[in-house]
Amino acid sequence: MAPPPPQADLIDDVTAEILLRLPPDEPEHLFRAALVCKPWLRILCDPAFLRRYRAYHRAPPLLGLLHRLQVLQGDPPARFASTTSMPDFPHPGSDGRRTRPLDCRHGRVLIHMFQDHGMDLLVWDPITGDRHVVPEPDIPWLIYTAAVICNVNGCDHLDCRGGPFLVVFVATDEYEDIIKASVYSSETGVWSVPVSLDNGTEYYAQHRQDAIASDERYYRPYVQPRRVTVVGDDIYFTLRRGTTIIKYDRAHNCLSMINPPSPDADDCHIYLMEMEDNSLGFACIEGSNLCLWSRKVNSKGAEWVQFGVMELKTRVPAANDDWGRLLVGCAEGVGVIFISTHFGLFTIEIKSGRVRKVGEPGVYYSVLPYMSFYTPDRGSLLSLARTH
């Protein structure tokens, strides 16, 4: 007698275990698997399976990037560049409007939109297409940066779709030598009263005095217009001169300065980042080496500890071994650093040392990595079918 055919539920369970292991950094595999047959489609579109998939892989993959130029170089073309085999997401500024990307975080993109009547901030979800217009804060900014942050208590940031968010805006005041910060809540729809860091702060005052003493023309505390680093409730960014680091404590709504890292680190090369142990760290290029530092806090205070050096000469091609590489960003959670050279834009994985080219040669100042799980739903499958 022939054995009884396997039960459908058992087949689905085995199939789900196999599909669970498809790599998230190539979402095309998931989409093509969903088109194989109706049972696979049902599994891959099941919310329970998608929750398991995100929990299994933990860190959202790098799907694409935007980037910023230096202030005097203007704004880059409005383009979202995919780093996977999936097609690029349509950029909100592709209709010809001037845009300035500011941040990619927790599945969202923050863009400064320049309109005929003024300027607004746009919070955009590239996968769902959701958009939320945020008015500019009441800060007369000269130079600035900003971050968009998920505001769901206890969220693991594996799937932040549709929940409340915050926009943190930090800037150098256009009329005063003051750094200011303000926070917008999507739940209240208003900006907080700006807080400031002024000359009454010891480190800030010394920073300004040192610049004046060195006869530096632009001594004002210019905020670096780069992507900020978020560690817990703290937002970190740097000033243009030296390696001065500013912390915005969101829980206490205050700004402060912390001791700078290694005085030998070039401020053009330092890039702040969140480390695996949820501490503040940074990467910098010294000669042809990539150096990694972490800020360790203990009972005696805090100190910067160098914990890694990676040789770049044989990994990342450059026209000049000492000056041909520029550190322009990092993707926390996946351990990836972006390095720009005359030969293009490259990613380098901190743990494995694997190098990958993700962009053509160009002027990169601050790379904004977009990290999110891109999983099938019936709407996205229809969209995919139209593009293939």
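Residues numbered from 1 in each chain as written. Predicted model: local features only at pLDDT ≥ 70, side-chain atom pairs only at ≥ 80, totals over all residues. Heavy atoms only, no water.

- An unreviewed UniProt entry lists the chain under the name F-box domain-containing protein, from Urochloa decumbens.

1. So, the layout of surface pockets
Right, on to step 1. Of the voids in this model, the largest pocket is the one considered here, and its volume is about 1300 Å³.
Right, on to step 2. Around the largest pocket sit 44 residues that line it, and His157, Glu274, Asn278, Glu332 and Gly333 are the ones nearest its centre.
Right, on to step 3. Listing elements by their share of the lining of the largest pocket, those giving two or more residues are β3 (98-105), β7 (141-150), β11 (229-231), β15 (271-274), β17 (289-298) and β23 (366-371).
Right, on to step 4. Taken together, the residues of the lining of the largest pocket break down into 20 nonpolar, 12 polar and 12 charged. (1 Å grid on protein atoms, 1.4 Å probe; cavity = no way out; pocket = protein on both sides within 12 Å on 5 of 7 lines; lining within 4 Å. Points joined across faces, edges and corners; volume = space filled by probe spheres on them. Helix = DSSP H or I, 4+ residues; strand = E, 2+ residues; numbered from the N terminus. Nonpolar A, V, L, I, M, F, W, Y, C, P; charged D, E, K, R; others polar.)

2. Considerations on the packing of aromatic side chains
Two descriptors summarise a pair of aromatic rings, namely the distance from one centre to the other and the angle between the planes of the rings.
Right, on to step 1. Under the criterion given, the structure shown has 14 aromatic pairs.
Right, on to step 2. Centre to centre, the rings of Phe169 and Trp191 are 6.3 Å apart; their planes meet at 80°, and the pair counts as edge-to-face. Taken together, the positions of Phe169 in strand β8 (residues 165-173) and Trp191 in the loop between β9 (179-185) and β10 (195-197) put the pair 22 residues apart, joining distant regions of the chain. For the pair Phe169 and Trp191, one class covers both residues: buried.
Right, on to step 3. Every member of this aromatic cluster is reached through a ring pair, and the members are Phe31, Phe80, Phe89, Trp124, Tyr370 and Tyr374.
Right, on to step 4. A cation over a ring is seen here: Arg68 above Tyr144, with NZ or CZ 5.8 Å from the ring centre.
Right, on to step 5. Lying across the ring of Phe114, Arg98 places its NZ or CZ 4.0 Å from the centre. (Phe/Tyr/Trp six-rings, centres within 6.5 Å; stacked < 30°, edge-to-face > 60°. Buried < 20%, exposed > 50% of the residue type's maximum accessible area, 1.4 Å probe, protein only. Lys NZ or Arg CZ within 6 Å of the ring centre and 35° of its normal.)

3. Some words on the sheet that holds β23
Right, on to step 1. Taken in spatial order, the three strands line up as β2-β1-β23 in an open sheet, and their pairing is antiparallel. The outermost strands of the open sheet, each flanked by one partner alone, are β2 (81-82) and β23.
Right, on to step 2. Sheet analysis places strand β1 (residues 62-68) next to β2, joined by two bridges and oriented antiparallel. Within β2, the position partnered with Leu65 by the bridge is Ala81. (Pairing = 2+ DSSP bridges.)

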